[in-house]
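Remarks on the overall topology
The lines below spell out each chain.
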Amino acid sequence: MEWKIIHIAETDSTNRLLTSHGDSPLVSAPLTKGLSPCEVVWADYQTAGKGQGTNSWESERGKNLLFSILYHPQDIPANRQFQISMAVSLAIADALGEQIGDVSIKWPNDIYWRNAKIGGILIENRLMGQTIKDSIIGVGINVNQRQFHSDAPNPISLWQIHGHETDRETLLRSILDRFSLYINKDVKSRYVNMLYRRKGFHPYCDKDGAFMAEFKDVEDDGHLVLSKENGQQCRYAFKEIQFVI
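Our subject in this report is the structure included herewith. These numbers were taken from a predicted model, which means no experiment stands behind them.

Where a protein is soluble and globular, its nonpolar side chains tend to be buried together. The biggest cluster of nonpolar side chains holds 61 residues, and the ones touching the most others in it are Phe67 and Tyr191. The element that contributes the greatest number of residues to this core is helix α2 (residues 82–100), accounting for twelve residues. Every residue in contact with Tyr191, bar those within four places of it in the chain, is listed here: Phe82, Met86, Ser89, Leu90, Ile105, Trp107, Pro108 and Val218.

Laid out in structure tokens, this is it:
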């Protein structure tokens, strides 16, 4: 996979920048003939960086890794788009795990160190018929920030874990290398093995209230399957279930 990478000082949102950019090349870097490039924009600061839904993403200027990938899938059907989420989650978890260990993926694609959130992913897919035309993958990773001031419940950074600065561009390239490796492979078993709360009963909450359940499966379309203490199996789409932490 060939990457076209641009680093900017500030934007409102790297996802929005790539979305509004359309299909024309954003970066003028030379490409190897015949290869389809994937574009990456990473910023020192986002004025309107966001997470899932209406959530915002707190990030001190120049301290964290904030980037978006414009990826053009090759024949990934719309009903298998969760493959992209698994691949990028694993790429980030592996790159961070090399440095700090104890990294897991909280379904569907939050990156956790123990019980704290170190990274998040926001994916926006554009469909053409029954396949994915392109995918914009926004990523925020807490790297060198030393304090957090928002009301987010459990943020943590690499610096808070190991106590030293991390080169953001080196980390970015490590993630991109791994994403290139995982995107064309069947990574479901690896993804499942890295899930947060993979074993045992844990507290959750859905529209009917709080309950204890254990993980059973993640379906190919991304639905989470849990088994409650009474043996009842329940299937959840994103935002239909909350992890009680």
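The five strands are arranged β11-β10-β9-β8-β12 in an open sheet whose pairing can be described as antiparallel. Looking at the sheet topology across the chains shown, the edges are occupied by β11 (233–236) and β12 (242–243). Bridging between strand β9 (residues 209–218) and strand β10 (residues 224–228) involves five bridges; their strand directions are antiparallel. Across the sheet, residue Ala213 finds its bridge partner in β10, namely Lys228.

Moving on, we come to the pairing of β11. Here β11 shows a clear split, with Cys234 and Tyr236 buried on one side and none of Gln233 and Arg235 buried on the other. Pairing of β10 with β11 involves four bridges; the strand directions are antiparallel. By the bridge assignment, Leu226 is partnered in β11 with Cys234. Hairpin connection from β10 to β11: four residues lie between these consecutive antiparallel strands, with Gly231 at a positive phi of about 90 degrees.

On to the side chain of Asn64. Inspection of the secondary structure puts Asn64 in the loop between β2 (37–46) and β3 (65–71). Its relative accessible area of 0% is what places Asn64 among the buried residues. In this structure the side chain of Asn64 is engaged in a polar contact, spanning 2.8 Å, whose partner is the backbone nitrogen of Val143. Contacts of Asn64, omitting those with residues within four sequence positions, involve Ala43, Glu58, Ser59, Ile141, Asn142, Val143, Asn144, Gln145 and Arg168.

This paragraph deals with the packing of aromatic side chains. Inspection of the entire model under this criterion finds nine aromatic pairs. A centroid spacing of 5.6 Å and a plane angle of 90 degrees characterise the contact between Phe82 and Tyr191, whose relative ring orientation is edge-to-face. Taken together, the positions of Phe82 in helix α2 and Tyr191 in helix α5 (residues 188–193) put the pair 109 residues apart, joining distant regions of the chain. You'll find Phe82 and Tyr191 in the same group, each marked buried. Relative to Tyr196, the ring of Tyr112 has its centre 4.9 Å away and its plane inclined at 45 degrees; by these criteria the two rings are tilted. In this pair, Tyr112 sits in strand β5 (residues 110–113) while Tyr196 sits in the loop between α5 and β8 (201–206), placing the two residues 84 residues apart along the sequence.

So, on to the pairing of β8. Relative to β9, β8 runs antiparallel, the two being bridged by six bridges. Its bridge partner lying in β9, Phe201 is registered against Glu214. In sequence, β8 turns back onto β9 through a hairpin of two residues. Sheet topology places β8 next to β12; two bridges connect them, and they run antiparallel. Looking across to β12, one finds that Cys205 is bridged to Gln242.

Analysis parameters
- Residues numbered from 1 in each chain as written.
- Predicted model: local features only at pLDDT ≥ 70, side-chain atom pairs only at ≥ 80, totals over all residues.
- Heavy atoms only, no water.
- Core = buried A, V, L, I, M, F, W, Y, C linked by side-chain atoms within 4.5 Å.
- Buried < 20%, exposed > 50% of the residue type's maximum accessible area, 1.4 Å probe, protein only.
- Helix = DSSP H or I, 4+ residues; strand = E, 2+ residues; numbered from the N terminus.
- Contact = heavy atoms within 4.5 Å.
- Pairing = 2+ DSSP bridges.
- Polar contact = N/O pair within 3.5 Å; in protein donor to acceptor, adjacent residues only side chain to side chain.
- Phe/Tyr/Trp six-rings, centres within 6.5 Å; stacked < 30°, edge-to-face > 60°.

Nothing here speaks to function; it is all geometry.
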